[in-house]
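Chains, contacts and geometry: an overview
Here's the letter readout for the chains.
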Amino acid sequence: MRAALAPGVRLLRALPRDSRYRGLTLVLTFLSYTSYHLSRKPISIVKSQLHLNCSALGPNPHNDSNSTTWCSWAPFDGDNYKELFGALDNAFLVAYAIGMFISGIFGERLPLRYYLSGGMVLSGLFTALFGLGYFWDIHVLWYFIIVQVCNGLVQTTGWPAVVACVGNWFGKGKRGLIMGIWNSHTSVGNILGSLIAGVWVSSAWGLSFVVPGIIIAVVGIICFFFLVEYPEDVDCNPPLHHMAADENPGGVTTSEKDPEAVISNEGPLSLSGQSSVDHSKSSKEPAEEPEAISFFGALRIPGVVEFSLCLLFAKLVSYTFLYWLPLYIVNVAHFGATEAGNLSTLFDVGGILGGIFAGLISDYTGGRATTCCVMLVVAAPMLFLYNHVGQNGIGVSVAMLIICGALVNGPYALITTAVSADLGTHESLKGNAKALSTVTAIIDGTGSVGAALGPLLAGLISPTGWNNVFYMLIAADVLACLLLARVVVKEARGWCGPMARQRGFKEF
């Protein structure tokens, strides 16, 4: 007697073909970037273990020294440990920022599947090498610095590749909501990285790096075998931005009249719009490959410069929390390393909610910049409150971490996903989708400059007091908001002018 067809298989068979491949692309790219962030997080968890207060363990059993850091890991056992931690963070982030500008150019010219999977395997290697320093008993700073630099460079393969893949499959309809949910991979990766690193941080901290390194390498191999870069590769219908925009005599493009119009109308993951047989057939016919856009050509796309500079300061705040929040909780709330790591994951839980909320609101209003600006304005006083009352009880700390995570990471998530995809398929490109990876790399590369500056400044400022670190973060939030002022005014005029844009959710 045969069993009935598995429910999951029945569901897959019920979904249209295009929807199945779109779903596969979302899942694979989600897992890919989850593993990227999972492999970046351990350093922030392990910091408190590299420099310990050993007074509770008694005197040094090997000599009569009165040092309270005899159980710390050299060279991080000195009074300058915060500066050394800042150097580790900066080595990774400066390399990441520099490499990101180059990465997008390579991403437009190399097969995305090879580029992404190769970068993930190399990222796994360098992440594991940092942890192997524990087992090889390495106490030389330059070893850890060089590993961080190499890891920063190879990790730049991830973001332009995954955003380009998703942008190739999805049109503009509910891009903010879809990418807001999809972008939770950042926070999910941070949470998993914290929990995995926390398992071994007190016993064998090297495994806190080796295990995430193995995970990202395995996911990279899976992507090599299953990732589909373009809908045309599997005879699926591409979204509208793959086609040349047809202009009418009035100069209005098809995307301007109906930016949600696409070729396929299949299923819940497809992009709606009535398809025609002729149009569908023409999408399968070989077409001349468009030239990849130049770096300066991408900069001329309206909005790229403003959003890039805004992301610089928004990412400065986000990455300062990413690298320094567990140590802040240890120093201020006096939790242990594992407890501080677990509590810091609530900031990323807030980041998931903030990314989804930002995408939802920006889809409804059509105002990406306005949504970012409002969240940044509210974030500034909330950061101030968290620093002053956030440690007054576990309940207050939990609530403030979630709220701050939502307000800080919401604009960051929106800019790096939906905004990057919008600008990479801007109407001025006349349907050339070869700009997506370059635009994404420019925006995220500029943001990564801020990501490098934030932890570096935190390392330099924190010896003068944590209050000064938070004042720096608040100032960065305000600057990020001001840099979007021109785009916000333009969006407001679009709502209030004689040709006011239509609000509400559109089909995708």
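These lines cover the structure that appears in this document, whether it is placed above or below.

What counts and what doesn't
- Residues numbered from 1 in each chain as written.
- Predicted model: local features only at pLDDT ≥ 70, side-chain atom pairs only at ≥ 80, totals over all residues.
- Heavy atoms only, no water.
- Core = buried A, V, L, I, M, F, W, Y, C linked by side-chain atoms within 4.5 Å.
- Buried < 20%, exposed > 50% of the residue type's maximum accessible area, 1.4 Å probe, protein only.
- Helix = DSSP H or I, 4+ residues; strand = E, 2+ residues; numbered from the N terminus.
- Contact = heavy atoms within 4.5 Å.
- Expected span 1.5 Å × (residues − 1).
- Bend = angle between axes of the 7 residues up to and from the residue.
- Axes fitted to C-alpha atoms, helices over the stretch in contact; angles between N-to-C directions.
- Parallel < 35°, antiparallel > 145°, perpendicular 65-115°, else oblique.
- Nonpolar A, V, L, I, M, F, W, Y, C, P; charged D, E, K, R; others polar.
- Polar contact = N/O pair within 3.5 Å; in protein donor to acceptor, adjacent residues only side chain to side chain.
- Disulfide = S-S within 2.5 Å.

1. Regarding the nonpolar core
Phe144, Leu383, Tyr386 and Leu473 are the most contacted members of the largest nonpolar core, which totals 117 residues. Counting residues per element, this core draws most heavily on helix α14 (residues 304-333), which supplies 16 residues. What Leu383 contacts, discounting residues up to four positions off in sequence, is Val317, Phe321, Cys404, Val408, Phe470, Leu473, Ile474 and Asp477.

2. Observations concerning the side chain of His51
Following the sequence through the fold, His51 ends up in the loop between α3 (42-50) and α4 (81-109). Taking relative accessible area as the criterion, His51 reaches 17% and is therefore assigned buried.

3. Some thoughts on the side chain of Thr370
Looking at where Thr370 falls in the secondary structure, it is placed in helix α16 (residues 368-389). Aside from chain neighbours lying at most four places away, what touches Thr370 is Val488, Glu491 and Trp495.

4. Describing α14
With 30 residues, α14 should cover 44 Å at 1.5 Å per step; its first-to-last C-alpha distance of 41 Å lies within 8% of that length. In α14, a bend of some 55° at Trp324 exceeds every other bend along the element, and Pro326, a proline, comes one to four places later. With 24 of 30 residues buried, α14 lies mostly within the body of the structure. The first or second residue beyond α14 is His334, which carries a positive phi of 60°.

5. Focus on the packing of helix α9 (residues 184-200) against helix α15 (residues 337-365)
Closest axis-to-axis distance for the α9/α15 pair is 8 Å, and the angle between their directions is 170°. Compared by their axis directions, α9 and α15 come out roughly antiparallel. Residues Ser184, Ser187, Val188, Asn190, Ile191, Ser194, Leu195 and Gly198 of α9 form the contact with α15, whose participating residues are Thr338, Gly341, Asn342, Ser344, Thr345, Asp348, Val349, Gly351 and Ile352. Residues belonging to the contact of α9 with α15 are distributed by class as follows: five nonpolar, 11 polar and one charged.

6. Section: the environment of Tyr115
Position of Tyr115 among the secondary structure elements: in helix α5 (residues 112-135). Taking the C-alpha atoms as reference points, Tyr115 and Ser103, separated by 12 residues in sequence, lie 9.6 Å from one another. When sequence neighbours within four positions are dropped, the list of residues in contact with Tyr115 reads Ser103, Phe106, Gly107, Leu110 and Thr157. Of the polar contacts made by the side chain of Tyr115, one reaches the side chain of Ser103; its length is 2.8 Å.

7. Notes on the state of the cysteines
Enumeration according to the criterion identifies zero disulfides in this entry. Of all cysteine sulfurs, the one in Cys165 lies closest to Cys223, which takes part in no disulfide; the gap is 8.5 Å. Under the relative-accessibility criterion, Cys223 is labelled buried at 1%.

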